[in-house]
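# Structural features, examined
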Amino acid sequence: MIRRRPRRASASAAGRGRRSRAPLGLAAYLAAMAAACTSGAAATPPIRAGTPEVPRQVNVILRDYSFVPTPIDLVPGETVRFFVINGGLVAHELVLGPQDVQDAWAHADAVATPPIFGATAPPASVPPGTGGVRVLLDSGKSTTFVYRVPSDAPPLVECHVPGHLERGMVGAVRFVWPGPSTGPSGGPS
Ligand SMILES: [Cu+2]
(Lines give C-alpha, C1' and ligand atoms only; values in the text may rest on other atoms or scores of the structure.)
Protein backbone atom coordinates (compact mmCIF):
# COMPACT_ATOMS: atom_id res chain seq x y z
CA MET A 1 0.00 0.00 0.00
CA ILE A 2 2.81 2.41 0.91
CA ARG A 3 4.77 3.56 -2.10
CA ARG A 4 8.49 3.12 -1.69
CA ARG A 5 9.99 6.56 -1.98
CA PRO A 6 13.57 5.51 -2.91
CA ARG A 7 12.29 3.85 -6.07
CA ARG A 8 10.36 6.92 -7.08
CA ALA A 9 13.37 9.09 -6.40
CA SER A 10 15.63 6.96 -8.55
CA ALA A 11 13.02 6.82 -11.28
CA SER A 12 12.77 10.59 -11.39
CA ALA A 13 16.55 10.88 -11.38
CA ALA A 14 16.69 8.59 -14.38
CA GLY A 15 13.99 10.68 -16.00
CA ARG A 16 16.05 13.81 -15.56
CA GLY A 17 19.02 12.03 -17.08
CA ARG A 18 17.01 11.05 -20.11
CA ARG A 19 15.64 14.53 -20.57
CA SER A 20 19.08 16.10 -20.43
CA ARG A 21 20.36 13.70 -23.08
CA ALA A 22 17.34 14.02 -25.35
CA PRO A 23 18.43 17.19 -27.22
CA LEU A 24 21.79 15.61 -28.09
CA GLY A 25 20.07 12.48 -29.38
CA LEU A 26 17.68 14.57 -31.42
CA ALA A 27 20.53 16.61 -32.86
CA ALA A 28 22.41 13.46 -33.82
CA TYR A 29 19.26 12.05 -35.38
CA LEU A 30 18.62 15.24 -37.38
CA ALA A 31 22.26 15.27 -38.52
CA ALA A 32 21.96 11.67 -39.66
CA MET A 33 18.72 12.48 -41.45
CA ALA A 34 20.33 15.44 -43.20
CA ALA A 35 23.32 13.32 -44.23
CA ALA A 36 21.01 10.62 -45.54
CA CYS A 37 19.03 13.15 -47.57
CA THR A 38 22.06 14.86 -49.11
CA SER A 39 23.68 11.54 -50.04
CA GLY A 40 20.49 10.27 -51.60
CA ALA A 41 20.31 7.29 -49.24
CA ALA A 42 17.05 6.09 -47.76
CA ALA A 43 15.95 8.03 -44.68
CA THR A 44 15.45 4.79 -42.76
CA PRO A 45 18.82 3.14 -42.24
CA PRO A 46 19.01 -0.51 -43.27
CA ILE A 47 18.70 -3.02 -40.46
CA ARG A 48 21.96 -4.63 -39.41
CA ALA A 49 21.46 -7.93 -37.62
CA GLY A 50 22.30 -7.83 -33.93
CA THR A 51 24.87 -10.21 -32.46
CA PRO A 52 25.34 -11.62 -28.94
CA GLU A 53 28.25 -9.18 -28.57
CA VAL A 54 26.35 -6.21 -30.01
CA PRO A 55 22.60 -6.78 -29.73
CA ARG A 56 20.44 -4.54 -31.90
CA GLN A 57 18.13 -2.26 -29.94
CA VAL A 58 14.41 -2.82 -30.50
CA ASN A 59 11.92 -0.49 -28.81
CA VAL A 60 8.34 -1.48 -28.09
CA ILE A 61 5.62 0.63 -26.48
CA LEU A 62 2.69 -1.04 -24.75
CA ARG A 63 -0.46 1.01 -25.14
CA ASP A 64 -4.13 0.59 -24.19
CA TYR A 65 -4.55 -1.89 -26.07
CA SER A 66 -1.92 -2.30 -28.73
CA PHE A 67 1.78 -2.82 -29.37
CA VAL A 68 3.78 -0.08 -31.09
CA PRO A 69 5.23 -0.76 -33.57
CA THR A 70 3.26 -3.54 -35.18
CA PRO A 71 4.79 -5.40 -36.85
CA ILE A 72 8.15 -5.50 -35.07
CA ASP A 73 10.89 -6.08 -37.65
CA LEU A 74 13.40 -8.75 -36.62
CA VAL A 75 16.11 -10.60 -38.50
CA PRO A 76 15.93 -14.41 -38.19
CA GLY A 77 18.59 -15.64 -35.77
CA GLU A 78 19.81 -12.22 -34.68
CA THR A 79 20.25 -11.13 -31.07
CA VAL A 80 18.36 -8.03 -30.02
CA ARG A 81 17.95 -6.02 -26.86
CA PHE A 82 14.30 -5.22 -26.28
CA PHE A 83 13.41 -2.00 -24.50
CA VAL A 84 9.77 -2.22 -23.49
CA ILE A 85 7.83 0.64 -21.90
CA ASN A 86 4.21 0.71 -20.83
CA GLY A 87 2.81 3.97 -22.13
CA GLY A 88 -0.74 2.95 -21.26
CA LEU A 89 -2.84 3.70 -18.20
CA VAL A 90 -3.20 0.10 -17.04
CA ALA A 91 -0.79 -2.81 -16.55
CA HIS A 92 0.15 -4.68 -19.71
CA GLU A 93 2.07 -7.78 -20.61
CA LEU A 94 4.29 -8.68 -23.52
CA VAL A 95 4.58 -12.39 -24.23
CA LEU A 96 7.01 -13.27 -27.00
CA GLY A 97 6.98 -16.84 -28.24
CA PRO A 98 5.15 -19.51 -30.21
CA GLN A 99 1.54 -20.54 -29.63
CA ASP A 100 2.25 -22.98 -26.77
CA VAL A 101 4.00 -20.19 -24.85
CA GLN A 102 1.06 -17.86 -25.49
CA ASP A 103 -1.38 -20.53 -24.30
CA ALA A 104 0.64 -21.14 -21.13
CA TRP A 105 0.62 -17.47 -20.14
CA ALA A 106 -3.02 -17.00 -21.08
CA HIS A 107 -3.87 -19.82 -18.68
CA ALA A 108 -1.52 -18.58 -15.96
CA ASP A 109 -2.88 -15.03 -16.10
CA ALA A 110 -6.48 -16.24 -16.02
CA VAL A 111 -5.78 -18.41 -12.96
CA ALA A 112 -3.96 -15.56 -11.21
CA THR A 113 -6.72 -13.03 -11.75
CA PRO A 114 -8.51 -12.36 -8.45
CA PRO A 115 -12.27 -12.93 -8.47
CA ILE A 116 -12.88 -9.65 -6.65
CA PHE A 117 -11.99 -6.37 -8.34
CA GLY A 118 -9.15 -4.63 -6.53
CA ALA A 119 -7.94 -7.73 -4.70
CA THR A 120 -4.23 -8.45 -4.80
CA ALA A 121 -3.44 -10.85 -7.63
CA PRO A 122 -1.20 -13.82 -6.95
CA PRO A 123 1.85 -13.92 -9.22
CA ALA A 124 1.25 -15.79 -12.45
CA SER A 125 3.66 -18.55 -13.33
CA VAL A 126 4.12 -21.18 -16.01
CA PRO A 127 5.87 -24.58 -15.81
CA PRO A 128 9.68 -24.45 -16.01
CA GLY A 129 10.94 -24.86 -19.55
CA THR A 130 7.91 -23.19 -21.15
CA GLY A 131 10.25 -20.91 -23.07
CA GLY A 132 9.60 -17.56 -24.67
CA VAL A 133 9.74 -14.25 -22.85
CA ARG A 134 7.10 -12.58 -20.70
CA VAL A 135 7.22 -9.16 -19.09
CA LEU A 136 4.45 -7.56 -17.05
CA LEU A 137 4.66 -3.81 -16.62
CA ASP A 138 2.61 -1.33 -14.62
CA SER A 139 1.71 1.94 -16.27
CA GLY A 140 4.80 4.05 -16.92
CA LYS A 141 7.28 1.27 -16.13
CA SER A 142 9.92 -0.07 -18.51
CA THR A 143 12.30 -2.98 -18.76
CA THR A 144 14.92 -4.38 -21.05
CA PHE A 145 15.97 -7.90 -21.99
CA VAL A 146 18.18 -9.64 -24.52
CA TYR A 147 16.44 -12.00 -26.95
CA ARG A 148 17.70 -14.44 -29.53
CA VAL A 149 15.29 -14.35 -32.48
CA PRO A 150 14.31 -17.84 -33.71
CA SER A 151 15.35 -18.74 -37.24
CA ASP A 152 12.39 -20.87 -38.25
CA ALA A 153 9.28 -18.78 -37.62
CA PRO A 154 8.48 -15.32 -36.22
CA PRO A 155 7.35 -15.41 -32.57
CA LEU A 156 3.86 -14.27 -31.67
CA VAL A 157 3.35 -11.09 -29.59
CA GLU A 158 0.36 -10.96 -27.25
CA CYS A 159 -0.90 -9.52 -23.97
CA HIS A 160 -2.82 -11.99 -21.82
CA VAL A 161 -3.96 -9.67 -19.06
CA PRO A 162 -7.60 -10.79 -18.95
CA GLY A 163 -9.70 -8.94 -21.51
CA HIS A 164 -6.81 -7.34 -23.36
CA LEU A 165 -6.51 -9.88 -26.17
CA GLU A 166 -10.21 -9.43 -26.80
CA ARG A 167 -9.64 -5.69 -27.11
CA GLY A 168 -7.12 -6.33 -29.83
CA MET A 169 -3.85 -6.35 -27.90
CA VAL A 170 -2.08 -8.57 -30.39
CA GLY A 171 1.18 -7.55 -32.03
CA ALA A 172 3.23 -9.23 -34.71
CA VAL A 173 6.80 -9.92 -35.70
CA ARG A 174 7.84 -9.59 -39.32
CA PHE A 175 11.02 -11.27 -40.49
CA VAL A 176 13.29 -8.94 -42.45
CA TRP A 177 16.72 -9.51 -43.94
CA PRO A 178 19.62 -7.07 -43.75
CA GLY A 179 20.71 -5.25 -46.86
CA PRO A 180 19.38 -2.78 -49.39
CA SER A 181 16.49 -5.04 -50.43
CA THR A 182 15.12 -5.29 -46.85
CA GLY A 183 11.39 -4.95 -46.85
CA PRO A 184 8.13 -6.81 -46.54
CA SER A 185 9.01 -8.94 -49.53
CA GLY A 186 12.77 -8.45 -49.42
CA GLY A 187 13.88 -11.80 -48.13
CA PRO A 188 13.60 -15.48 -48.84
CA SER A 189 10.21 -16.95 -48.13
CU1 LIG B 1 -2.54 -5.45 -22.15
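Residues numbered from 1 in each chain as written. Predicted model: local features only at pLDDT ≥ 70, side-chain atom pairs only at ≥ 80, totals over all residues.

Let us now look at the overall build of the protein. Looking only at helices and strands, the protein features two helices and nine strands. Along the protein, helices (α) and strands (β) appear in the sequence α-β-β-β-β-β-α-β-β-β-β when read from the amino end. The buried share among the 189 residues of the protein stands at 22%. (Helix = DSSP H or I, 4+ residues; strand = E, 2+ residues; numbered from the N terminus. Buried ≥ 20, exposed ≤ 12 C-beta atoms within 10 Å, placed from the backbone.)

The next thing to look at is the confidence of the model for the protein. Counting all residues, the mean pLDDT for the protein is 80, and 70% of those residues have values of 70 or more. For the stretch residues 1-22, pLDDT sits under 50, and the model shows one contact to residues farther than four places along the chain or on other chains. (pLDDT = per-residue confidence, 0-100. Contact = placed C-beta atoms within 7 Å.)

Attention shifts here to the sheet that holds strand β6 (residues 133-137). Either a parallel or an antiparallel arrangement is found when strands of a sheet pair, and the pairing is made through backbone hydrogen bonds. Across the sheet, three strands lie side by side as β6-β5-β8; this open sheet has antiparallel pairing. Bordering the open sheet on either side are β6 and β8 (156-158), each of which pairs with just one other strand. Across the sheet, the mean angle from the axis of one strand to that of its neighbour is 10 degrees, orientation sign disregarded. The pairing of strand β5 (residues 92-97) with β6 spans five bridges and is antiparallel. Across the sheet, the residue bridging to V95 is R134, located in β6. The strands that helix α2 (residues 99-112) touches are β5, β6 and β8; relative to β5, the one it contacts most, it runs at about 150 degrees. (Pairing = 2+ DSSP bridges. Axes fitted to C-alpha atoms, helices over the stretch in contact; angles between N-to-C directions.)

If you trace the four strands from one edge of the open sheet to the other, you get β2-β1-β4-β7, paired in mixed fashion. Among the strands making up the open sheet, the edge pair consists of β2 (66-68) and β7 (142-148). If you compare each strand with its neighbour and ignore which way they point, the axes differ by 25 degrees on average. With three bridges joining them, strand β1 (residues 56-63) and β2 adopt antiparallel strand pairing. Counterpart to L62 in the pairing with β2 is F67.

V60, L74 and L94 are the most contacted members of the largest nonpolar core, which has 24 residues in total. For this core, the secondary-structure elements that each account for two or more residues are β1, β3 (72-74), β4 (79-86), β5 and α2. Once residues lying within four places of it in the same chain are set aside, the contact partners of V60 are F67, V68, I72, F82, V84 and L94. (Core = buried A, V, L, I, M, F, W, Y, C linked by C-beta atoms within 7 Å.)

The next subject is α2. If you check α2, its first and last C-alpha atoms are 20 Å apart, about what 14 residues at 1.5 Å a residue would give, namely 20 Å. Among all positions in α2, only V101, Q102, A104, W105, A106 and D109 are buried. For α2, the elements touching its buried residues are β5, β6 and β8. (Expected span 1.5 Å × (residues − 1).)

Another point: unusual backbone geometry. Put simply, D64 and Y65 share a cis peptide bond, and its omega is 10 degrees. Tracing the chain through its elements places Y65 in the loop between β1 and β2.

Burial of β5 is extensive: six of the six residues sit out of reach of the surface. A two-sided burial pattern is seen for β5, the buried positions comprising H92, L94 and L96 on one face and E93, V95 and G97 on the other. Summarising the sheet, β5 and β8 pair through three bridges and their orientation is antiparallel. Residue V95 lies in a different strand from β8, and its bridge partner there is E158.

Looking at the element boundaries, G88 is found in the loop between β4 and β5. Accessibility expressed as a C-beta count within 10 Å gives 20 for G88, which makes it buried. Sequence spacing of G88 and G140 is 52 residues, and the spatial spacing of their C-alpha atoms is 7.1 Å. Filtering out sequence-adjacent residues up to four positions away, G88 remains in contact with L62, R63, D64 and S139.

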